[in-house]
Protein chains: 2
Amino acid sequence: MIASTPAPEKLVSSVLREYSDATRAVLFDYLPTAEPRRYLYDLVADYPRRGGRGFRPSLCIATARAFGAPLDAAIQTAVAIELMHNAMLIHDDIEDESDERRGSPTMHVSQGVPIAINVGDMLSMLSMKPLLDNRRTLGTSLSLRILEETERMARESAEGQALELGWRRDNVNDVVESDYLEMVLKKTCWLATIHPCRVGALIGTGGMLDVDRFIRFGFFLGAAFQIQDDLLNLVGDGKSYGKELGGDILEGKRTLMLIRLFEQATTAERARLSAMLGQPRAERSAEDVGWVRERMDAYGCIDYARQVAHGLAGAAHHEFTLLYQHLPDSRDKRFIGALPSWVIERN
Amino acid sequence: MIASTPAPEKLVSSVLREYSDATRAVLFDYLPTAEPRRYLYDLVADYPRRGGRGFRPSLCIATARAFGAPLDAAIQTAVAIELMHNAMLIHDDIEDESDERRGSPTMHVSQGVPIAINVGDMLSMLSMKPLLDNRRTLGTSLSLRILEETERMARESAEGQALELGWRRDNVNDVVESDYLEMVLKKTCWLATIHPCRVGALIGTGGMLDVDRFIRFGFFLGAAFQIQDDLLNLVGDGKSYGKELGGDILEGKRTLMLIRLFEQATTAERARLSAMLGQPRAERSAEDVGWVRERMDAYGCIDYARQVAHGLAGAAHHEFTLLYQHLPDSRDKRFIGALPSWVIERN
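Numbers given to residues run from 1 along each chain, matching the order in which its sequence is written. By the order in which they are written, chains take letters starting at A while ligands take numbers starting at 1. Local features in a predicted model are, by the rule used here, given only for residues with pLDDT of at least 70; side-chain atom pairs are given and counted only at 80 or more, and totals for whole chains, interfaces and linings are based on all residues.

(A) Region of the structure containing the overall build of chain A. Every helix listed is a DSSP run of H or I at least four residues long, and every strand listed is a run of E at least two residues long, numbered separately from the N terminus. Counting secondary structure elements, chain A contains 18 helices and two strands. For chain A, whose C-alpha radius of gyration is 20 Å, the value lies close to the compact-globule estimate of 20 Å for 347 residues. Seen along its three principal axes, the alpha-carbon backbone of chain A occupies a region of about 60 × 50 × 40 Å. Across the 347 residues in chain A, those meeting the buried criterion constitute 52%. Only C-alpha atoms enter the radius of gyration; for comparison, a globular chain is expected to reach 2.2 Å times N to the power 0.38, where N is the number of residues. Exposure in this text rests on C-beta crowding, where 20 or more other C-beta atoms within 10 Å of a residue's own make it buried, 12 or fewer make it exposed, and counts in between make it partly exposed. The C-beta atoms are placed from the backbone.

Dropping the structure here:
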């Protein structure tokens, strides 16, 4: 029998399924099932149980393997990444006043803000535990290095979140594309792509690699990922997307499409847009959302964002070639090489 | 000249001042002054700048020194404790809907809830950095051990917070004294007393001590501390206390005095109390607070709580004797020995 090479999208989904399952098999061991259940530990398991693709832990594992480590060496770090991701989702949902997450009510909608904050804090702290356990498999020195990387990632993420929340709170409407890309670099890319690549490569090489080279690759890949995510919020299939369609407009989220609209709109339109975004969220109407959406079409903002995402994906593929050309062929390497196209084609 | 032994309260204030200053001298080096300032780093420094007595870091340093380590060996850990304490204060203030902290508006009152959550997350993450830097002075193994202790402390704290928030949200009014003490053990004592003692002793002995023995001492001391704190909220001098007087009643906080009142009150009074606590905070009036306060006096709830705090302080002193009798006399040992009386006498 001749081994067949699967199509890139098939490869990506099968690797994601495999590594995501491997991560989840270990992840739930890190979630206590003790008291207090009702106000804490049942809730701590809620977001992880809702699923998700497992993109972040899979990228960590694949990078470690592509650089020569076995899956076992990366699994605790992958678990920590997924736990931290879920912790951030809970707090982000409060901060963004989001109603839905993965097709169900967000934590603060079902449990109230105080308990939701505390559940997020607990998940964030629980993400430290697998990193401390790393010492048994990776040794103390590499374990501490990965903890340092984690601290850096969390700092970058909070900086990005601060920018986005500040712009929204103060209704800052002179944000330009480079501000937006800096925010995305910090808020999205560090956790979604840069950190998984960096720690994966550290595990794969026993800490011997200069991992700053992954910042460019991770930025291009993660920014394309974020723009595609924001596009799906406007044009996707709400059911499979798991959040309310057009919710970003309602939340006043500074997306590339919104920034482009501000740049292209007439003075009168900009004033209307600014007034709408200056209102409390509850006072923004479905009609407002419809109008913004229609203006985005009229000015080609959605096509523009698609083009930017394509450009970023191309740049990510170029960086991939530079980073990985000296490594032997492997399923993991092919998976990583297929991600730039996948992030802009998924729905 | 004959060296004079200062009175215990003088000793406590002078040690607190000295160790708190030493901690603050290093703490601010860990707070970035980079961008984004307005939405993040100016705010991260806000609560630490407001001062506070520095009880937690001082207890850590004094324990380390009483067990033989120099101040320098404990300072980073003390900084981490103070940063984590400030991080928790920001989230607690949101969760408790508190308006004032150390005499100024709370973070979410001045900045809004979304930004305040993010600032707390950042401070919590920044508290990891001095613990990672410990490796240079304490070595990798003891540094990882202290990180493990920190993870345990944060877990206990979040469990205690979950209990208190759950009772409040669901208006649970059959909480008994043992439930209350378990909640205080987790929510207050782990961060305020148990953890500083445990990590201090680990530093003092190079990780060679069984630190579970500090749980009893820390529980008795910390519970006395918490009850005194709650008493000051009812009977203290609001200006030096830095929070609104009677604010705990308004917040519906389950204090020992409130639990005692539920136990002593008539059926009709219990029903009125329960109805009042079942309302949203905004609907509770100054009149309600006055009535609860008056009933607490009528049933001797405040005197009762004072007696319990005295008993706990006595037990803490007994545990101190057991733990410290074999150590040589030192200013640090005398400071720790003076704390049980101090926590119930301070105002």
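From this point, the discussion proceeds with the structure in view.
(B) A look at the interface of chain B and chain A. C-beta atoms are placed from the backbone for every residue, and two residues are taken to be in contact when these atoms lie within 7 Å. In this complex, chain B contributes 36 residues to the contact, which on the side of chain A involves 36 residues. Those elements that provide at least two residues to the side of chain B that touches chain A are α2 (37–44), α5 (71–95), α7 (113–126) and α8 (128–169) of chain B. The element that contributes the greatest number of residues to the side of chain B that touches chain A is α8(B), accounting for 21 residues. Polarity classes work like this: nonpolar for Ala, Val, Leu, Ile, Met, Phe, Trp, Tyr, Cys and Pro, charged for Asp, Glu, Lys and Arg, and polar for all others, with Gly in that last group. Among the residues making up the side of chain B that touches chain A, the classes are represented as 18 nonpolar, eight polar and 10 charged.

(C) Quick peek at helix α4 (residues 55–66) of chain B. Residues and elements named next belong to chain B. With 12 residues, α4 should cover 16 Å at 1.5 Å per step; its first-to-last C-alpha distance of 16 Å lies within 8% of that length. Of all 12 residues that make up α4, 12 are buried, and the element is covered over most of its length. Of the residues making up α4, those classed as buried are Phe55, Arg56, Pro57, Ser58, Leu59, Cys60, Ile61, Ala62, Thr63, Ala64, Arg65 and Ala66. To estimate how far a helix should extend, the number of its residues minus one is multiplied by 1.5 Å.

(D) Quick peek at the packing of helix α1 (residues 8–27) of chain A against helix α4 (residues 55–66) of chain A. Residue and element names in this part refer to chain A. Two elements in contact, α1 and α4, have axes whose closest approach is 8 Å; the angle formed by their N-to-C orientations is 95°. With respect to their mutual orientation, α1 and α4 come out roughly perpendicular. Judged by residue contacts, Val15, Leu16, Tyr19, Ser20 and Thr23 of α1 engage Phe55, Pro57, Ser58, Ile61 and Ala62 from α4. In the contact of α1 with α4, the residues fall into seven nonpolar, three polar and no charged. Between N-to-C directions, angles cover 0 to 180 degrees, with each direction set by a line fitted to C-alpha atoms, over the stretch in contact for helices. Under this scheme an angle from 65 to 115 degrees is roughly perpendicular, one under 35 degrees roughly parallel, and one over 145 degrees roughly antiparallel; angles in between are oblique.

(E) Representation of the environment of Tyr47(A) in the model. Residues and elements named next belong to chain A. Residue position: Tyr47 is located in helix α3 (residues 46–49). Each C-alpha atom, one on Tyr47 and one on Ser104, is 9.6 Å from the other, the two residues being 57 residues apart in sequence. When residues no more than four places from it in sequence are discounted, the contact partners of Tyr47 are Asn86, Leu89, Ile90, Arg101 and Met107.

(F) Looking closely at unusual backbone geometry. Residues and elements named next belong to chain A. Between Glu35 and Pro36 the backbone carries a cis peptide bond, its omega angle lying at -10°. Residue position: Pro36 is located in the loop between α1 and α2 (37–44). Its identity is not glycine, yet Asn171 carries a phi of approximately 50°, on the positive side. With respect to the helices, strands and loops of the structure, Asn171 is situated in the loop between α9 (140–169) and α10 (177–205).

(G) Representation of helix α14 (residues 256–264) of chain A. Residue and element names in this part refer to chain A. The element α14 is largely enclosed, with a buried count of seven among its nine residues. Among all positions of α14, only Leu256, Met257, Leu258, Ile259, Arg260, Leu261 and Phe262 are buried. The inward-facing, buried residues of α14 contact α10, α11 (214–235), α15 (267–278), α16 (286–298) and α17 (301–324).

(H) Representation of the relation of the copies chain B and chain A in the model. In screw terms, the move from chain B to chain A is a rotation of 180° and a rise of 0.0 Å along the axis, fitting with an RMSD of 0.0 Å. The transformation relating the two chain copies, once decomposed into turn and shift, fits a two-fold axis. For chain B, the minimum C-alpha distance to the rotation axis belongs to Thr140(B) and amounts to 3.1 Å. Most of the interface of chain B is mirrored in chain A: 100% of its interface residues are interface residues there too. Alignment of the copies relies on least squares applied to C-alpha atoms, considering only residues that score at least 70 for pLDDT in both.

(I) A look at the confidence of the model for chain A. Per-residue confidence from the predictor is reported as pLDDT, a score between 0 and 100. Model confidence for chain A is summarised by a mean pLDDT of 94, while 96% of its residues fall at 70 or above. Model confidence for the complex is summarised by a pTM of 0.94, with the ipTM given as 0.94.

(J) Region of interest: the environment of Thr63(A). Residue and element names in this part refer to chain A. For Thr63, the position within the fold is in helix α4. C-alpha separation for the pair Thr63 and Asp332, spaced 269 residues apart in sequence, amounts to 7.0 Å. Contacts of Thr63, omitting those with residues within four sequence positions, involve Pro196, Cys197, Gly200, Ala201, Gly204 and Ile336.

(K) Broad picture of the packing of α4(B) against helix α17 (residues 331–345) of chain B. Residue and element names in this part refer to chain B. The geometry of α4 relative to α17 is characterised by a closest axis approach of 8 Å and an angle of 130° between their N-to-C directions. By the angle class used here, α4 and α17 are oblique. The way α4 lies across α17 gives a crossing that is left-handed. Residue-level contacts link Ala62, Thr63, Arg65 and Ala66 of α4 to Asp332, Lys333, Phe335 and Ile336 of α17. Within the contact of α4 with α17, the residues separate by chemical class into four nonpolar, one polar and three charged. What makes a crossing left-handed is the near helix being turned counterclockwise from the far one by less than a right angle; a clockwise turn instead makes it right-handed.

(L) Expanded view of the environment of Asp174(B). Take Asp174(B): it is sitting in the loop between α8 and α9 (177–205). Sequence spacing of Asp174(B) and Phe262(B) is 88 residues, and the spatial spacing of their C-alpha atoms is 8.1 Å.

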